Amino acid sequence: MTSPLRIWSLPWALRYLKHEVLALPGRTAALLFVLFLLLFPLFSQDPYLLRVLTLTALFALYAASWDLLSGYTGQVSLGHAFFFGLAGYASAILGRELGLPPALTIPSGALLATLAGVLVGLPSLRLRGPYLSLVTLAFPIIATGLIFLFPRFTGGELGLSGLPRLGQSRLEEYYLVVGIFLLSVLFLWKLAGSRVGLFFHAIREDEVAVRMVGVNTVRYKLLAFAVSAFFAGLSGGLHAHYLRVAGPDSLSLFNSIQPVIWSVFGGIATIYGPVAGTFLLFPFLEALRVAEELRMLAFALLILLVMRFLPQGVVRGVLERLEEECPRCKVKNAFTRKACRACGVPLHLEAREVKP
Amino acid sequence: MGLLEAHGLSKRFGGLQALYKVDLRVEEREIVGLIGPNGAGKTTLLRLLLGIHRPDEGRVVFKGQEITHLPTWERVELGLAATFQNPRPLRRLPVIANVLVAAYGPRGGRKGDWVKRAEARALDALEFVGIADKAKEPASVLSQGELKRLEIARALATEPELLILDEPFAGLTPVETELLAKSLARLRKGGRFGRLHSEGCAMVIIEHKLSELFKIADRVVVLNFGEVLAEGTPEAIAQDPRVMEAYLGEGAYA
Ligand SMILES: Nc1ncnc2c1ncn2[C@@H]1O[C@H](COP(=O)(O)OP(=O)(O)OP(=O)(O)O)[C@@H](O)[C@H]1O
Ligand SMILES: [Mg+2]
């Protein structure tokens, strides 16, 4: 259906841009978003703004990792902070004990989180739905307990501070985090749209039915746990070094719930939804930091409104109104079009039929 | 040696003995009808054969290999497939994706452009049951009869050697029932259906619509209260007074 990408040919690229990207509001928005992130420092290098955007990108990756496991595969994790926090601590301790640079300790932390993902995934082979979620909830709590038990090793309540920086300057750190964020999300997006992603989708819909057609659901569930935990760990490691502290806050219940809220706000099982949800919510909530009580209240109110009016998620809900599926060939079209861009079938038939 | 041999399968649910020492044997390319009143244990037997439940005792041998303790997907990989009595579609996925999940499985092999072959096979499976025109719709829009046929398409996409169908005719109109019965008879003989299958496949068909079933079955096994009550040709079973009695208790001879 889609021809291979030939971006080295300029006329081809321009045609592709016109017909495949600019023709759809969602893809246009994605393009503008990437350009915005890459070009933002050309317009402003305000340290506060750079900091907010860097943190937002980190948490957006965290939310997308949650979505792969919980939105796509249906294994709802309420303890994602376990992977996030564990990787941060692991990176901090490896750096301190072995004197390794973040470029080595952060990936190591993410790999440790991957192992932890498989460990947390094992109960999922027997437990379903809310029972599994309760088990995932327990892991960060147990980890927090251990941290307070061994304060000499973990820094106890204060955590481990003074971690090495990610880069020489705020700008360098910004581009590093944004680069990793964009590549990771692209990977998650591609994975979700692949054959493996189809199995993830299918397992969420009905696991027994999927086994019945010969799919090794154990393997795919553990794979979802592992990949999700890796990217949660990657964002957790980057976060620890960006703030230069790995503390018990990173394992808190609040930090487990954050990716859930952003994903539900954006729209689950989409990858782009959690990313967009984080970019819309996080800076807004950061601005409310001046009044902590107001912030939590705004958070709660927002979620209630979303659940009431756009239960499929705000970003996804809006996108579904802007893009219309052709009833015949199922190609997506901008809502402004009168006929399908692929097969020419007239759209909005219902609207016309209503008239006498 | 038969294609499938089940020896002394028993299964208890709490205080209820759903199956008690049931033997079942299926030869290659044979169509076995499995009948019995409601609650006789037919679906339970299917679930034991596919590994959805584990038997309390007994063994299952498929193609000469003991499969009693294999997980469901490994049984499917060996060539066993089954449909659910109540369809279990992946509702939010397109119809074609429902079948692709099955077609991408390991039975399609992993050589050359196996992905393309699997995709073609998925379409052919939809073609075979006659719902290819709905391929891109989400499964949630299908009617009950179409869902039953989607179940069969999904099982066929794994290219089974033994297909166990749980009430495939339930919810189908008489015309649809006849069409499906004909297709199943063709399937057993083997041959080419697009890029689908060629070897011919054995079947166990669980049904309450006996007249349709008896037209295509080679042999019929009757279950009652979890035990095999009778076994024989459709003609013999149709005249067996014990079978009549078991069903008359239900008043359900169709
Ligand atoms: N998972 C289960 N837990 C408890 N009891 C069960 C379970 N599955 C089946 N049973 C019971 O086992 C008995 C046999 O059920 P089964 O579904 O095998 O019957 P069936 O022959 O398929 O009937 P029908 O023709 O109505 O589909 C029934 O009494 C049923 O209630
Ligand atoms: Mg049944």
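Rules behind the numbers
Residues numbered from 1 in each chain as written. Chains lettered and ligands numbered in written order. Predicted model: local features only at pLDDT ≥ 70, side-chain atom pairs only at ≥ 80, totals over all residues. Heavy atoms only, no water. Buried < 20%, exposed > 50% of the residue type's maximum accessible area, 1.4 Å probe, protein only. Helix = DSSP H or I, 4+ residues; strand = E, 2+ residues; numbered from the N terminus. Pairing = 2+ DSSP bridges. Salt bridge = Lys/Arg side-chain N within 4 Å of Asp/Glu carboxyl O. Donors = N, O, S within 2.8 Å, 3.2 Å for Na, K, Ca; no water. Phe/Tyr/Trp six-rings, centres within 6.5 Å; stacked < 30°, edge-to-face > 60°. Lys NZ or Arg CZ within 6 Å of the ring centre and 35° of its normal. Contact = heavy atoms within 4.5 Å. Buried area = accessible area lost by both parts, 1.4 Å probe. Polar contact = N/O pair within 3.5 Å; in protein donor to acceptor, adjacent residues only side chain to side chain. Nonpolar A, V, L, I, M, F, W, Y, C, P; charged D, E, K, R; others polar. Expected span 1.5 Å × (residues − 1). Bend = angle between axes of the 7 residues up to and from the residue. pLDDT = per-residue confidence, 0-100. Near = heavy atom within 4 Å. Areas by Shrake-Rupley, 256 points an atom, 1.4 Å probe, with all protein chains shown as cover. Axes fitted to C-alpha atoms, helices over the stretch in contact; angles between N-to-C directions. 1 Å grid on protein atoms, 1.4 Å probe; cavity = no way out; pocket = protein on both sides within 12 Å on 5 of 7 lines; lining within 4 Å. Points joined across faces, edges and corners; volume = space filled by probe spheres on them.

Let us now look at the pairing of strand S8 (residues 202–206) of chain B. Every regular strand shows the same layout, with side chains that alternate between the two sheet faces. Residue and element names in this part refer to chain B. Burial of S8 is extensive: 5 of the 5 residues sit out of reach of the surface. The side-chain alternation of S8 yields two buried faces, one formed by Ala 202, Val 204 and Ile 206 and the other by Met 203 and Ile 205. As defined by bridge partners, strand S3 (residues 31–35) adjoins S8 across 4 bridges and the pair is classed as parallel. Within the sheet, the bridge partner assigned to Ile 31 lies in S8 and is Met 203.

Another aspect to go through is the pattern of salt bridges. Two side chains that carry opposite charge are able to pair once their charged atoms sit near each other. According to the stated counting rule, one finds 29 salt bridges over all chains in the structure shown. Of the charged contacts in the structure, one is a salt bridge between Lys63(B) and Glu161(B), with a shortest N-O distance of 2.9 Å. Here Glu161(B) lies in the loop between helix H5 (144–156) and strand S7 (162–166) and Lys63(B) lies in the loop between strand S4 (57–62) and strand S5 (65–66), a separation of 98 residues in the sequence. Counted as one network, the salt bridges with shared partners bring together Arg128(A), Glu207(A), Arg211(A) and Lys221(A).

Here we take up the coordination of the magnesium ion (ligand 2). Residue and element names in this part refer to chain B. Looking at the magnesium ion (ligand 2), one finds its protein donor set to be Thr 43 (OG1) and Gln 85 (OE1), positioned 1.9 to 2.1 Å from the metal centre. Here Gln 85 lies in the loop between strand S6 (80–82) and helix H3 (95–103) and Thr 43 lies in helix H1 (residues 42–50), a separation of 42 residues in the sequence. Overall, Gln 85 belongs to the partly exposed group, its relative accessible area being 30%.

For the rest of this paragraph, the subject is the environment of Asp113(B). Along the polypeptide, Asp113(B) turns up in the loop between H3 and helix H4 (114–129). Between the C-alpha atoms of Asp113(B) and Ala202(B), which are 89 residues apart in sequence, the distance is 28 Å.

Right, let's talk about the packing of aromatic side chains for a bit. Here the distance between the centres and the angle between the planes together describe a pair of aromatic rings. For the structure on display, the rule yields 19 aromatic pairs over all chains. Three or more aromatic residues joined by ring pairs form one cluster here, namely Phe59(A), Tyr62(A), Phe84(A), Trp262(A) and Phe282(A). The residue whose ring lies beneath Arg308(A) is Phe309(A), and the NZ or CZ to ring-centre distance is 4.8 Å. The residue whose ring lies beneath Arg88(B) is Phe84(B), and the NZ or CZ to ring-centre distance is 4.9 Å.

Listed as interface residues are 25 residues of chain B and, on the opposing side, 21 residues of chain A. At the boundary of chain B with chain A, total buried surface from both sides reaches about 2,100 Å², with 71% on carbon and sulfur atoms. Summed over the three residues of chain B that lose the most area to chain A, namely Trp73(B), Val101(B) and Lys136(B), the buried surface amounts to 30% of that side. Here chain B is connected to chain A by 3 salt bridges. Of the charged contacts in the structure, one is a salt bridge between Glu137(B) and Lys330(A), with a shortest N-O distance of 3.3 Å. Applying the counting rule to chain B against chain A returns 4 residue pairs in polar contact (both at pLDDT 80 or more). Elements with a contribution of two residues or more to the side of chain B that touches chain A: H1, helix H2 (72–78), H3 and H4 of chain B. Tallying contributions element by element places H3(B) first for the side of chain B that touches chain A, with 4 residues. For the side of chain B that touches chain A, the per-class residue count stands at 17 nonpolar, 2 polar and 6 charged.

Bringing helix H2 (residues 25–43) of chain A into the picture now. With 19 residues, H2(A) extends 25 Å from end C-alpha to end C-alpha; this agrees with the ideal 27 Å at 1.5 Å per step. Of all the bends in H2(A), the greatest, near 40°, is centred on Leu37(A), and the proline Pro41(A) appears no more than four residues after it.

All names here are of chain A. The terminal C-alpha atoms of helix H13 (residues 272–287), which comprises 16 residues, lie 23 Å apart, in line with the 22 Å expected from a rise of 1.5 Å per residue. Listed in full, the buried residues belonging to H13 are Gly 273, Pro 274, Val 275, Gly 277, Thr 278, Phe 279, Leu 281, Phe 282, Leu 285 and Glu 286. Of the surrounding elements, those touching the buried residues of H13 are H2, helix H3 (47–72), helix H8 (170–193), helix H12 (253–266), helix H14 (292–309) and helix H15 (314–322).

Turning to the confidence of the model for chain A, a few remarks are in order. When pLDDT is averaged along chain A, the result is 91; 97% of the residues meet or exceed 70. pLDDT under 50 marks residues 351–356 of chain A. Its contacts with residues more than four places away, or in other chains, come to 2 contacts.

Another point: the site of ligand 1. Residue and element names in this part refer to chain B. In the vicinity of ligand 1 lie 13 residues, with Asn 38, Lys 42, Thr 43, Thr 44 and Gln 85 positioned nearest. A distance of 3.2 Å separates an oxygen atom of ligand 1 from a polar atom in the backbone of Ala 40. Residue Thr 43 places a side-chain N or O atom 2.7 Å away from an oxygen atom belonging to ligand 1. When the free accessible area of ligand 1 is taken as 630 Å², the share hidden by the protein chains comes to 63%. Of all elements in the fold, only strand S2 (16–26) and H1 reach the threshold of two or more residues within the shell around ligand 1. Per element, the largest residue contribution to the shell around ligand 1 is 3 residues, and it comes from H1. The residue inventory of the shell around ligand 1, partitioned by class, reads 4 nonpolar, 7 polar and 2 charged.

Residue and element names in this part refer to chain B. Sheet architecture is open: 6 strands sit in the order S6-S7-S8-S3-S9-S10, paired in mixed fashion. Pairing within the sheet leaves two strands with one partner each, and these edge strands are S6 and strand S10 (227–232). Going across the sheet, the axis of each strand differs from the next one's by a mean of 15°, ignoring polarity. As judged from the 4 bridges shared by S3 and strand S9 (residues 219–224), these two strands associate in the parallel manner. In the sheet register, Ile 35 faces S9, and the bridge partner there is Val 222. Its contacts with the sheet place H1 against S3, S6, S7, S8 and S9, and it is angled at close to 150° to S7.

Before going further, it helps to spend a moment on the layout of surface pockets. Residues and elements named next belong to chain A. The volume enclosed by the second largest pocket comes to roughly 510 Å³. Taken together, 27 residues line the second largest pocket, and the ones lying closest to its centre are Phe 59, His 239, Leu 243, Asp 249 and Ser 250. Where the lining of the second largest pocket is concerned, the elements lending two or more residues are H3, helix H4 (81–98), helix H11 (217–243), strand S2 (245–246), H12, H13 and H14. Classifying every residue of the lining of the second largest pocket gives 11 nonpolar, 9 polar and 7 charged.

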